[in-house]
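The chain contents come next:
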Protein chains: 2
Amino acid sequence: MIHPNYRLLVISTSTIYGNGYLEYIREEILDFLQTDELLFVPFARPSGISYDEYTNNVVTALQPFGIKVTGLHTYENPKEAICNAKAIFVGGGNTFLLLKTLYELGLIEAIRNTISEGVPYMGSSAGSNLTGLTIGTTNDMPIVYPPSFDALQFLPFNINPHYLDPDLNSTHKGETRETRINEFHKFNRQTVIGLREGSWLRVENGTIELKGDLTARIFKPNQSAIEVKSGILEESIYL
Amino acid sequence: MIHPNYRLLVISTSTIYGNGYLEYIREEILDFLQTDELLFVPFARPSGISYDEYTNNVVTALQPFGIKVTGLHTYENPKEAICNAKAIFVGGGNTFLLLKTLYELGLIEAIRNTISEGVPYMGSSAGSNLTGLTIGTTNDMPIVYPPSFDALQFLPFNINPHYLDPDLNSTHKGETRETRINEFHKFNRQTVIGLREGSWLRVENGTIELKGDLTARIFKPNQSAIEVKSGILEESIYL
C-alpha cells in the first residue's frame with residue numbers, strides 16, 4: 001500500500017520544550033537523510049518570518065553536522081531544483097500558506113515525482129500535514145485560500161501534528177482536538193494519526209514506523225480512538 | 001460605515017463554563033430579538049450532531065421564554081424561509097462546514113438581503129465568524145472545502161471567537177492564538193477582534209457595542225494588539 005520507494009520522516013514538531021530547533025531529533029535526521037545536501041522549502045513561514053530567515057534557522061541547525069542546506073526560494077527554476085534535489089525538507093508554519101504556494105508555483109506534481117523516485121522527504125508540522133491525503137486535519141488558521149485541500153498524498157491517511165490531549169481542568173468551551181477530529185470524520189473516511197510532540201513516523205521499504213517515546217492516537221470514523229505504541233504500524237492500524 | 005439597518009448580536013460562545021446552552025446570555029437575546037419567531041441555521045453541526053438535534057437544543061433553550069424556533073433545514077425552500085424570517089440565529093460548530101453549506105444552497109445573498117432590511121441576525125462562534133469579512137480567523141479544523149473564505153461581510157473586520165490568551169505555563173509548541181492572528185496579518189489588512197468567551201458585540205443604529213464583563217483584544221497589521229473595554233467601539237478601533 002505504501003509505495004516501496006518512499007522515504008519519509010514525518011515529524012510532529014520541529015522543536016520540543018526546552019530544546020533548540022530540530023535539536024531533539026537531529027540524530028534521527030542525520031541517519032535518515034543519507035546525503036549531505038538538503039533542499040529546504042520555507043513557504044510555511046512560521047510567525048510570518050521571511051524565506052531567508054527561515055532557511056537560516058535550518059542552516060544553523062544542520063550545517064554544523066555536515067548538511068549543506070539551500071532554500072527553494074533561491075532557485076530561479078524551483079521545479080528544476082526539486083527534480084535535482086538529493087533530499088527535501090518542508091518546514092512547519094502555516095499549512096494553508098504552504099499548500100497554496102506549492103500549488104501556485106506548480107510544484108505539487110514535481111515533489112510527488114521526485115519522492116516517488118526514492119528521494120528522502122522530511123516534513124515537520126505543516127510539512128508533515130502535506131504527506132497525508134488532505135490538509136483537513138491541520139491545526140492552523142486559514143489565513144489564505146488554497147485552490148484545494150488535497151495534499152501530497154504519500155500516505156493513505158491524514159496527519160494531525162502537535163496532537164494535544166484534552167485539558168481536563170480547562171473551563172474553555174472551544175472544541176478539543178479530539179472533538180475536531182471526530183467532526184472531520186462526519187465528512188471524511190480516512191484514518192487520522194494524531195502525532196504528539198516528540199513523535200514522528202519513519203517510512204521506508206513500504207513500512208511505517210512510529211518513533212519517539214510517546215504513543216500516537218489513531219482516529220477512524222465511527223470507532224473509538226486508540227493509542228498505539230512506537231514500532232512498525234500494521235496496515236490495519238491506518239487503513 | 002456600518003449599515004444603519006443592521007441589527008446583529010455577535011456572540012463569542014453559546015455556553016460559558018458551568019452554564020446551560022445560551023443561559024448566560026438569555027436576557028440579552030430576548031432584549032435583542034424583539035420578535036417571538038426565530039429561524040435557526042443548524043448547518044455548523046457542532047460535534048457532528050444532526051440538524052434536528054441541534055435545533056432541539058435551541059428550542060429547549062428559548063421556547064420556554066416565548067420564542068418559537070424553527071430549523072432552516074425543515075423548509076422546502078430555504079431561500080424563501082430566509083426572506084420571510086423575523087429573526088435569524090446562526091449557531092456555532094464548524095465554520096468551514098457552515099459556510100460551504102450556505103454557498104451550496106445559494107443562501108449567502110439571501111441572508112445579506114434580509115439582514116440589510118433590518119431583520120435581526122444573531123450568531124454564536126462559527127455564526128459570529130460569518131458576520132466578518134472572511135472566515136480566515138476561525139479556530140476550526142478545515143473538515144470540508146468551501147468555494148470561498150468570504151463571509152457575510154456585515155462588519156468591516158474579522159472576528160476571532162473563543163479568543164484565548166496564551167498559557168504562559170504551557171510547554172506545547174503549537175502556535176498561540178495571537179501568533180496565528182499575527183500570521184493572518186502578514187497576508188490580510190483587516191482588523192481582527194478577539195472576543196473572549198462571555199463577550200459579544202451588539203450592533204444597532206450603525207454603532208458597535210462590546211458587551212460582557214471582559215475586554216476584547218484588537219489586532220491590526222504591524223501594530224501591537226490592544227485591549228478595549230466594553231462599551232461603544234469608536235470607528236478608529238476597528239477600521
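Residues numbered from 1 in each chain as written. Chains lettered and ligands numbered in written order. Predicted model: local features only at pLDDT ≥ 70, side-chain atom pairs only at ≥ 80, totals over all residues. Heavy atoms only, no water.

Asker: How should I be thinking about the overall build of chain A in this particular structure?
Answerer: Helices and strands together make up the secondary structure of chain A, namely eight helices and 12 strands. The C-alpha radius of gyration computed for chain A amounts to 17 Å, which stays within 12% of the reference 18 Å derived for 239 residues, consistent with globular compactness. Dimensions of chain A, computed from the C-alpha atoms along their principal axes, are close to 45 × 35 × 35 Å. The buried share of chain A, reckoned over its 239 residues, is 58%. Intrachain contacts of chain A at a sequence separation of at least 6 include 68% that bridge at least 24 residues. Entry remark: accessible area of chain A is about 9600 Å², with carbon and sulfur atoms responsible for 46%. Positive and negative side-chain charges in chain A, numbering 19 and 27 respectively, have mean positions lying 5 Å apart. (Helix = DSSP H or I, 4+ residues; strand = E, 2+ residues; numbered from the N terminus. Rg over C-alpha atoms; globule rule 2.2 N^0.38 Å. Buried < 20%, exposed > 50% of the residue type's maximum accessible area, 1.4 Å probe, protein only. Contact = heavy atoms within 4.5 Å. Areas by Shrake-Rupley, 256 points an atom, 1.4 Å probe, with all protein chains shown as cover. Lys, Arg positive; Asp, Glu negative; His and termini not counted. Charge placed at Lys NZ, Arg CZ, Asp CG, Glu CD.)

Asker: It is not clear to me how the relation of the copies chain A and chain B should be interpreted in this structure. Could you clarify?
Answerer: Taken together, a rotation about one axis and a shift along it account for how the two chain copies relate. The two copies are related by a screw operation: chain A maps onto chain B through 180 degrees of rotation and 0.0 Å of translation along the axis, at an RMSD of 0.0 Å. What the rotation and shift describe, once combined, is the action of a two-fold rotation axis. Interface overlap between copies is the fraction of interface residues in one copy that are interface residues in the other; for chain A against chain B it reaches 100%, indicating a shared surface. (Least-squares fit on C-alpha atoms with pLDDT ≥ 70 in both.)

Asker: What should I look at first to understand the pairing of strand 9 (residues 207-211) of chain A in this one?
Answerer: Residues and elements named next belong to chain A. Taking every second residue as pointing to the same face, the buried face of strand 9 carries Ile208 and Leu210, while none of Thr207, Glu209 and Lys211 on the other face is buried. Alignment of strand 8 (residues 200-204) against strand 9, held across five bridges, turns out to be antiparallel. Bridged to arginine 202 within strand 9 is glutamate 209. Two successive antiparallel strands, strand 8 and strand 9, enclose a turn made up of two residues, where asparagine 205 displays a positive phi of approximately 55 degrees. Taken together, the two bridges between strand 9 and strand 12 (residues 231-232) define a ladder with antiparallel strand orientation. (Pairing = 2+ DSSP bridges.)

Asker: So what exactly am I meant to see when it comes to the packing of aromatic side chains here?
Answerer: For any two aromatic rings, the description comes down to two numbers: the centre-to-centre distance and the angle of the planes. Considering all chains together, one arrives at 23 aromatic pairs over all chains under this definition. Each ring, one from Tyr145(A) and one from Tyr145(B), has its centre 5.3 Å from the other, and the planes form 15 degrees; the classification is stacked. Here Tyr145(A), found in the loop between helix 6 (126-129) and strand 6 (158-163), pairs with Tyr145(B), found in the loop between helix 6 (126-129) and strand 6 (158-163), and the two come from separate chains. On the numbers, 5.1 Å between centres and 65 degrees between planes, the contact of Tyr6(B) with Phe154(B) is edge-to-face. Of this pair, Tyr6(B) sits in the segment before strand 1 (8-11) while Phe154(B) is found in the loop between helix 6 and strand 6, placing the two residues 148 residues apart along the sequence. Cluster of aromatic residues (ring-pair linked, three or more members): Phe96(A), Tyr145(A), Phe149(A), Phe96(B), Tyr145(B) and Phe149(B). (Phe/Tyr/Trp six-rings, centres within 6.5 Å; stacked < 30°, edge-to-face > 60°.)

Asker: So what exactly am I meant to see when it comes to the pairing of strand 1 of chain B here?
Answerer: On a regular strand, one side chain projects to one face of the sheet and the next to the other, so that they alternate. Residue and element names in this part refer to chain B. Going residue by residue along strand 1, you find Leu8 and Val10 tucked away on one face and Leu9 and Ile11 tucked away on the opposite face as well. The pairing of strand 1 with strand 8 (residues 200-204) spans four bridges and is antiparallel. In the strand pairing of strand 8, isoleucine 11 is matched with tryptophan 200.

Asker: What's the story with the side chain of Glu183(A) in this structure? I'm lost.
Answerer: Looking at where Glu183(A) falls in the secondary structure, it is placed in helix 7 (residues 177-184). Lacking a salt bridge, the buried Glu183(A) has Arg180(A) as its closest oppositely charged neighbour, with an N-O distance of 6.5 Å. (Salt bridge = Lys/Arg side-chain N within 4 Å of Asp/Glu carboxyl O.)

Asker: Explain the pattern of salt bridges here, please?
Answerer: A full pass over the atoms with the stated rule returns 26 salt bridges over all chains. For Glu109(A), the salt bridge goes to Arg112(A), with nearest N and O atoms at 2.6 Å. Taken together, the positions of Glu109(A) and Arg112(A), both in helix 5 (residues 108-116) and three residues apart, correspond to about one turn of that helix. Across the salt bridge formed by Arg217(B) and Glu227(B), the nearest N and O atoms sit 2.7 Å from each other.

Asker: Is there a simple way to think about the environment of Tyr103(B) in this case?
Answerer: All names here are of chain B. Among the secondary structure elements, tyrosine 103 is positioned in helix 4 (residues 95-104). On the basis of relative accessible area, tyrosine 103 is assigned to the partly exposed category, the value being 24%. Remark: the alpha-carbon pair of tyrosine 103 and proline 146, spanning 43 residues in sequence, is separated by 7.7 Å. In contact with tyrosine 103, not counting residues within four places along its chain, are Ile108, Pro147, Ser148 and Asp150.

Asker: Help me understand the sheet that holds strand 10 (residues 216-219) of chain A in this model?
Answerer: For sheets, the rule is that strands pair by backbone hydrogen bonds, running either parallel or antiparallel. Residue and element names in this part refer to chain A. Pairing in this open sheet of four strands is mixed, and the strands run 6-7-10-11 from one edge to the other. If you trace the sheet from one side to the other, it starts and ends with strand 6 and strand 11 (226-228), each paired once. Going across the sheet, the axis of each strand differs from the next one's by a mean of 30 degrees, ignoring polarity. Pairing between strand 7 (residues 192-196) and strand 10: three bridges, direction antiparallel. Counted as the bridge partner of glycine 194 is arginine 217 from strand 10. (Axes fitted to C-alpha atoms, helices over the stretch in contact; angles between N-to-C directions.)

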